[in-house]
Amino acid sequence: MGLFDGLPVSPNKAYLRDELSRIDESWAAARFDSLPHVVHILTSKDRESEVQFLKEQSDIIEEVVDEVVHAYHSGFNKAIQNYSQILRLFSESTDSIGVLKVDLAEAKTRLSARNKQLHQLWYRSVTLRHIISLLDQIEGIAKVPARIEKLIADKQFYAAVQLHVQSTLMLEREGLQTVGALQDVRSELTKLRGVLFYKVLEDLHAHLYNKAASSVHERDDEMPTTTAVAFSVNNSQPLSRRTRLLKVDSQIGVHVDGSYRPSSVDGGSSFDGYDEDGALELHDDAASEGYKASIRVNGGDGNGNLKDVKIVPRQMPIWLSNSTPDEFLEAMKKSEAPLHVKYLQTMVECLCMLGKVAAAGAIICQRLRPAIHEIITSKIKAHAELVNSSRSGIGQGDRTATVGLHFMKGQLGSFQLPKQKRQNGISLTGTLLAVSPVSPVMSPTGKAQASAREVLDSILDTVVRIFENHVVVGEILESKSTHLTEVNTPRSISTDWNLDSEASQVTGGYNIGFSLTVLQSECQQLICEILRATPEAASADAAVQTARLASKAPSKEKRDRSEDGLTFAFRFTDATISIPNQGVDLIRQGWSRRGPNVSQEGYGSATVLPEQGIYLAASVYRPVLQFTDKVASMLPKKYAQLGNDGLLAFVENFVKDHFLPTMFVDYRKSVQQAISSPAAFRPRAHTAASYTPLVEKGRPVLQGLLAIDFLAKEVLGWAQAMPKFAGDLVKYVQTFLERTYERCRTSYMEAVLEKQTYMLIGRHDIEKLMRLDPASSCLPNPLGQSNMDNNVSDAESFEIELELSDLLLALRPIKQENLIRDDNKIILLASLSDSLEYVADSIERLGQTNSRSSNQVEENPKHRHTRTSSAPIRDLASFADEYRKLAIDCLKVLRVEMQLETIFHMQEMTNRQYLEDQDAEEPDDFIISLTAQITRRDEAMAPFVASSKRNYIFGGICSIAATASIKALADMKSINLFGVQQICRNSIALEQALAAIPSIKSEAVQQRLDHVRTYYELLNMPFEALLAFIVEHEHLFTAAEYANLLKVQVPGREISEDAQERVSEILSSH
């Protein structure tokens, strides 16, 4: 921007701006120095042109100055004219004021002459206005009873109480106390005070127990709070939300001597800044919005979950729409508490304004137990009607499928009972159910457990919601009673116990602790009815435990303290409640005189439960635990101990002192009966049936072990329902498994006692070789061990078999009495092995399931009452290992027994002369006997043992038979051609018998027995041909075996004297 841009130059001379822009700004400097310009002109070549240029610039500047002067001259003229006009107006005003002073002086003179007369007129006007005001007040007060009745009919209780309090204060004013016409109004207001108290308390009572929808409100548009609807068990609404929103300013008005004093004298509000227009607009728009909010609260989200609907700022709940603005209304307007909380706060505020807090507290205490009893009974009746209606609409099968859907879901896998029948036609399902000490409906997954849990969940959820309301009311009453106590109590005696006692008197004995005690006491009685537990027996147990805890002589203060958890746990009666004088008028209105100690009938739980009894404690535990957690989250800190020492303590004591001992005795008896029954260890299966690995499809597990497995799963099902006592229940399972293992061990020893097989498998050298044998890879794998220490090659495997065969053959001669000749014992060992493996797998799965579920529970911080030790799980795994070891011993016994049987039969070869005169058509008798025994035992074991195990049992026969056949030649003196053919026929018969076993590989059997036939066929070769064979197959047989071929005498074969040396030379050269 240029230096001369702001000059007022007319548009028709805009060229002057361009000319000015060409002038150097140095001419306009504050300190102008002309010497440089003079020197420039004097030193210039054309001095005249420079001078002429300066003159032209001077003319332009003068012309610009003329324009500026011309422009500002007119403005100066206008300013001068304005100043002169202002001066003229001031002069005229001065003259007018002088005239006004003269007139005022004359008026003052005239008024002073009639001063007394004017004063009399003013006093008369004031008196008339006062009289008119009194008449208006009297007329208004006369209409107050009718207005209060209309407000009561419209459920505008707070407005009615406000009007009543303001009218009562107005009647106490000076001037109205002596008006006789207002005596009837005073009498009516006194009656209306009782009516208001009754109505407010009745409405508060209905909302405390969520019964307002059916017992109080007649129109949907008057529904101010929640209705009594069914709520979901898995409610995700935080239960402590309501108590956290109660921090509303309780210092609304001052309560002294049981009466309410508003903040201002005339009953209005002294709160500044309240917009009355906004309050008037509430009647239409806000009222409709409040109705919509109420509907949203009552309806929830369709799933039974309660929603906290927040009131939009600057809007008032519908039940306060006709109320006069005051501090409480402003607090309600700003509060973000749910509607039902605001409504309870409003009802309590009404009681405080009426000065009826003590009477209300006493009546609430008096009605608490009957109300809870009625609610629980009605819930049970409603559930019974629902069950009956569902029974009429669906079939029995559908009912069984739907009942108990939520019980134990996702925890322990339910044990599916097999549907097949045994050979004798007895259903296995019925057999197992007969073993259990509880009926099917009372089992952990039974219908009775599911029904009891469902009913308790519903009832305890309702009780929790009722207790939420009591927490709201209790905290408000305690805060106001604390304020009154602090006002009325001198500082010198303001101790804690004094404040608590006086606060209890102010509230009529009602507080949060009392309501929780009564609620839990009623729930305890319901649980006792479900469990068929007598309160007297529970009380006796409680007295014993209390005496045990209080080993020292307790003082009176300690006995009276509520911190002793067991004092509540079994107490079914409440202290007698003294009703203050304020409650007399309430009783006149029709409240029941029956106290809380009146004997009450049962709850009718038998109508909704298929069966009652002590075993329902499992379904009671989890709902009570959840109930305790919810209650603890709502309780103020001063009542925290009540939540810990209440209903949960009773249930835990009952489970520990009654349920667990009873369960242990019952299941111990069932276990004893299951394993001592004559049929417990009697193998039963269809003879033509094939082995199946599934019990459901007919796996022939021994009846005793199957029953034990069923009982163990059932006991662990109880453990899943009660995590805190899972450790004790797992110990029960361990005890049962230990007894069963001892019984299995006894049965095993009865079969193998004093038998050579049992002693052999205990030998270290044989046990080591059997473990290294590749065939042992099919055996069950014990805990922490490997079936095969190394990956052995075929040559090493052959060496292991040969060494083991040599050890067994060294035991010859085998005596028959040292063998297990009874096939029933063989079948028992096979069945016992498979059954033990089945139980071991089941125990291992149960242990893993328990471990996962316990870890999940421990990671969840909400479950505070759970065990944390994992030692019982390791014990279950060790039991599974013991069962597997015994199963392996059974298989080893069977394998060695069949090998010894083979040796026993084939040792007859050494006693027989194989110098036959003709070719026999049949194998030897001992081979026929051996093959018949193999076939018979294989067919008998087929239903009881898997094919891989059968391969293990019979797989050792081939190697031991081949080795025994080859070694038998050393004991023979002579053999002819027919004898060789007889031995070959024996090996063929044995090969056919072994190949008939489906699990055995026929190729391997054929290869081993071909080796025997090849060996004996060498006896038919001439000596030179034998030498040629040895040269080509020097490693096919050992040197000793080749030597035995030369030692035996074969008719027609010539052997040189140096034959042994030549054979040895051939073998050594290679």
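Just so it is clear, the model here is predicted, and its values are computed rather than measured. (Residues numbered from 1 in each chain as written. Predicted model: local features only at pLDDT ≥ 70, side-chain atom pairs only at ≥ 80, totals over all residues. Heavy atoms only, no water.)

> What's the story with the overall build of the chain in this structure? I'm lost.
Counting its secondary structure elements, the chain contains 40 helices and two strands. Within the chain, the proportion of its 1070 residues that are buried is 47%. By sequence separation, contacts in the chain at least 24 residues apart represent 81% of the contacts at least 6 residues apart. By element, 52% of the accessible surface of the chain is carried by carbon and sulfur atoms, the whole surface being about 54,300 Å². (Helix = DSSP H or I, 4+ residues; strand = E, 2+ residues; numbered from the N terminus. Buried < 20%, exposed > 50% of the residue type's maximum accessible area, 1.4 Å probe, protein only. Contact = heavy atoms within 4.5 Å. Areas by Shrake-Rupley, 256 points an atom, 1.4 Å probe, with all protein chains shown as cover.)

> Explanation requested: the pattern of salt bridges in the structure shown.
Note that side chains of opposite charge can pair when their charged atoms are close. Applying the stated criterion to the full structure yields 31 salt bridges. For Glu-767, the salt bridge goes to Arg-771, with nearest N and O atoms at 3.1 Å. Separated by four residues within a single helix, Glu-767 and Arg-771 lie in helix 30 (residues 764–772), roughly one turn from each other. On the basis of relative accessibility, which here comes to 24%, the residue Glu-767 falls in the partly exposed class. Connected via shared salt-bridge partners are Arg-821, Asp-823, Glu-901, Arg-936 and Arg-937. (Salt bridge = Lys/Arg side-chain N within 4 Å of Asp/Glu carboxyl O.)

> How should I be thinking about the nonpolar core in this particular structure?
Across soluble globular proteins, nonpolar side chains show a tendency to be buried alongside one another. By size, the foremost hydrophobic cluster in this structure holds 245 residues, and its most contacted members are Trp-718, Met-722, Tyr-748, Met-972, Ile-975 and Tyr-1016. Counting residues per element, this core draws most heavily on helix 33 (residues 871–906), which supplies 17 residues. One finds Leu-20, Ile-60, Val-64 and Val-68 within the second-largest nonpolar core, a separate group that totals six residues. (Core = buried A, V, L, I, M, F, W, Y, C linked by side-chain atoms within 4.5 Å.)

> Can you walk me through helix 12 (residues 327–334) in this structure?
Owing to its 3.6 residues per turn, the α-helix aligns residues three or four sequence positions apart on the same side. For helix 12, the tally of buried residues reaches six of eight residues, placing the bulk of the element in the interior. When helix 12 is considered as a whole, its buried residues turn out to be Phe-328, Leu-329, Glu-330, Ala-331, Met-332 and Lys-333. Its side-chain oxygen placed 3.3 Å from the backbone nitrogen of Phe-328, Asp-326 serves as the N-cap of helix 12. (Polar contact = N/O pair within 3.5 Å; in protein donor to acceptor, adjacent residues only side chain to side chain.)

> Where do I start with the packing of aromatic side chains in this structure?
Here a ring pair, both rings aromatic, is described through the centre-centre distance and the interplanar angle of the planes. Tallied over the full model, the rule gives 15 aromatic pairs. Relative to Trp-718, the ring of Tyr-615 lies with its centre 5.5 Å away and its plane at 45°, an arrangement referred to as tilted. Placement of Tyr-615 in the loop between helix 23 (584–588) and helix 24 (617–634) and of Trp-718 in helix 27 (residues 703–721) is noted, with a sequence separation of 103 residues between them. We note that Tyr-615, like Trp-718, is buried. Considering the side-chain rings of Phe-650 and Phe-654, the 6.3 Å spacing of their centres and the 40° angle between planes classify their relative orientation as tilted. Of the two residues, Phe-650 and Phe-654 are both situated in helix 26 (residues 647–676); the distance of four residues between them amounts to about one turn of the helix. For the pair shown, Phe-650 and Phe-654 are each scored as buried. A cation over a ring is seen here: Lys-356 above Phe-197, with NZ or CZ 5.2 Å from the ring centre. Directly above the ring of Tyr-952 sits Arg-895, whose terminal nitrogen or CZ lies 4.7 Å from the centroid. (Phe/Tyr/Trp six-rings, centres within 6.5 Å; stacked < 30°, edge-to-face > 60°. Lys NZ or Arg CZ within 6 Å of the ring centre and 35° of its normal.)

> Honestly, unusual backbone geometry in this entry has me stumped. Any pointers?
A negative phi holds for most residues other than glycine; trans holds for most peptide bonds. Residue Pro-813 follows Arg-812 across a cis peptide bond; omega there is 5°. Looking at where Pro-813 falls in the secondary structure, it is placed in the loop between helix 31 (794–809) and helix 32 (823–859). The phi angle at Lys-155 is positive, at roughly 65°, despite the residue not being glycine. Mapped onto the elements of the fold, Lys-155 is located in the loop between helix 5 (144–153) and helix 6 (157–171). Take Lys-155: its relative accessible area is 17%, and that puts it in the buried class.

> How should helix 35 (residues 947–968) be read in this particular structure?
Along its 22 residues, helix 35 runs 32 Å from first to last C-alpha, staying within 8% of the 32 Å computed at 1.5 Å per residue. The sharpest bend along helix 35 comes to roughly 30°, located at Ile-953. Burial runs high along helix 35: 17 of the 22 residues are buried. (Expected span 1.5 Å × (residues − 1). Bend = angle between axes of the 7 residues up to and from the residue.)

> Help me understand the confidence of the model for the chain in this model?
The predicted coordinates should not be examined in detail at positions where pLDDT is low. When pLDDT is averaged along the chain, the result is 74, and 71% of the positions lie at 70 or above. Within the model, the stretch residues 214–313 combines pLDDT values under 50 with 176 contacts to residues more than four positions away or in other chains. Predicted confidence for residues 485–500 stays below pLDDT 50, and this span has ten contacts to residues more than four positions away or in other chains. (pLDDT = per-residue confidence, 0-100.)

> Help me out: how do you make sense of a nonpolar patch on the surface in this one?
On the surface, Leu-35, Val-38, Val-39 and Leu-42 cluster together into a nonpolar patch covering about 350 Å² of accessible area. Note on placement: Val-39 falls in helix 2 (residues 35–43). Using a relative accessible area of 41% as the deciding quantity, one classes Val-39 as partly exposed. (Patch = residues over 30% accessible without salt bridge, like charges linked within 9 Å, V, L, I, M, F, W, Y side chains within 5 Å.)

> Explanation requested: a negative patch on the surface in the structure shown.
A cluster of like negative charges, contributed by Glu-56, Asp-59, Glu-62 and Asp-66, occupies part of the molecular surface. By relative accessible area, Asp-66 is classed as exposed at 52%. (Lys, Arg positive; Asp, Glu negative; His and termini not counted. Charge placed at Lys NZ, Arg CZ, Asp CG, Glu CD.)

> It is not clear to me how the side chain of Lys-755 should be interpreted in this structure. Could you clarify?
As for its placement among the helices and strands, Lys-755 is situated in the loop between helix 28 (726–752) and helix 29 (756–761). The side chain of Lys-755 sits in the buried core without any salt bridge; Glu-754 is the nearest counter-charge, 6.8 Å away. For Lys-755, the side chain forms a polar contact with the main-chain oxygen of Glu-817, separated by 3.4 Å. Residues within four places of Lys-755 in sequence aside, it is in contact with Glu-817, Asn-818, Leu-819 and Ile-820.

> What exactly am I supposed to notice about the side chain of Ser-167 here?
Inspection of the secondary structure assignment puts Ser-167 in helix 6. On the accessibility criterion, Ser-167 (4% relative accessible area) is buried. Dropping the residues within four chain positions of it, Ser-167 is found in contact with Val-144 and Leu-189.

> Help me out: how do you make sense of the environment of His-40 in this one?
Within the element layout of this structure, His-40 appears in helix 2. Residue class for His-40 comes out partly exposed when judged on its relative accessible area of 46%. Separated by ten residues in the primary sequence, His-40 and Glu-50 have C-alpha atoms spaced 8.9 Å apart.

> What is the right way to read the packing of helix 24 against helix 27 from this model?
Two measures define how a pair of helices packs: the angle their axes make with one another and the distance between the axes. Put simply, helix 24 and helix 27 touch, their axes get as near as 8 Å, and they point 20° apart. Classified by the angle their axes make, helix 24 and helix 27 are roughly parallel. The hand of the helix 24/helix 27 crossing is left-handed. Together, Ala-618, Tyr-621 and Arg-622 of helix 24 and Trp-718, Gln-720 and Ala-721 of helix 27 make up the contact between the two elements. Broken down by class, the residue content of the contact of helix 24 with helix 27 amounts to four nonpolar, one polar and one charged. (Axes fitted to C-alpha atoms, helices over the stretch in contact; angles between N-to-C directions. Parallel < 35°, antiparallel > 145°, perpendicular 65-115°, else oblique. Left-handed = near helix turned anticlockwise from the far one by under 90°. Nonpolar A, V, L, I, M, F, W, Y, C, P; charged D, E, K, R; others polar.)

> Looking at this model, I keep getting lost on the packing of helix 5 against helix 7 (residues 183–208). Mind explaining?
At a minimum axis distance of 10 Å, the contact between helix 5 and helix 7 shows a crossing angle of 10°. Taken together, the axes of helix 5 and helix 7 are roughly parallel relative to one another. Between helix 5 and helix 7, the residues in contact are Val-144, Pro-145, Ile-148, Glu-149 and Ile-152 and Glu-188, Leu-189, Leu-192, Val-195, Leu-196 and Lys-199, respectively. Considered class by class, the residues forming the contact of helix 5 with helix 7 number eight nonpolar, no polar and three charged.

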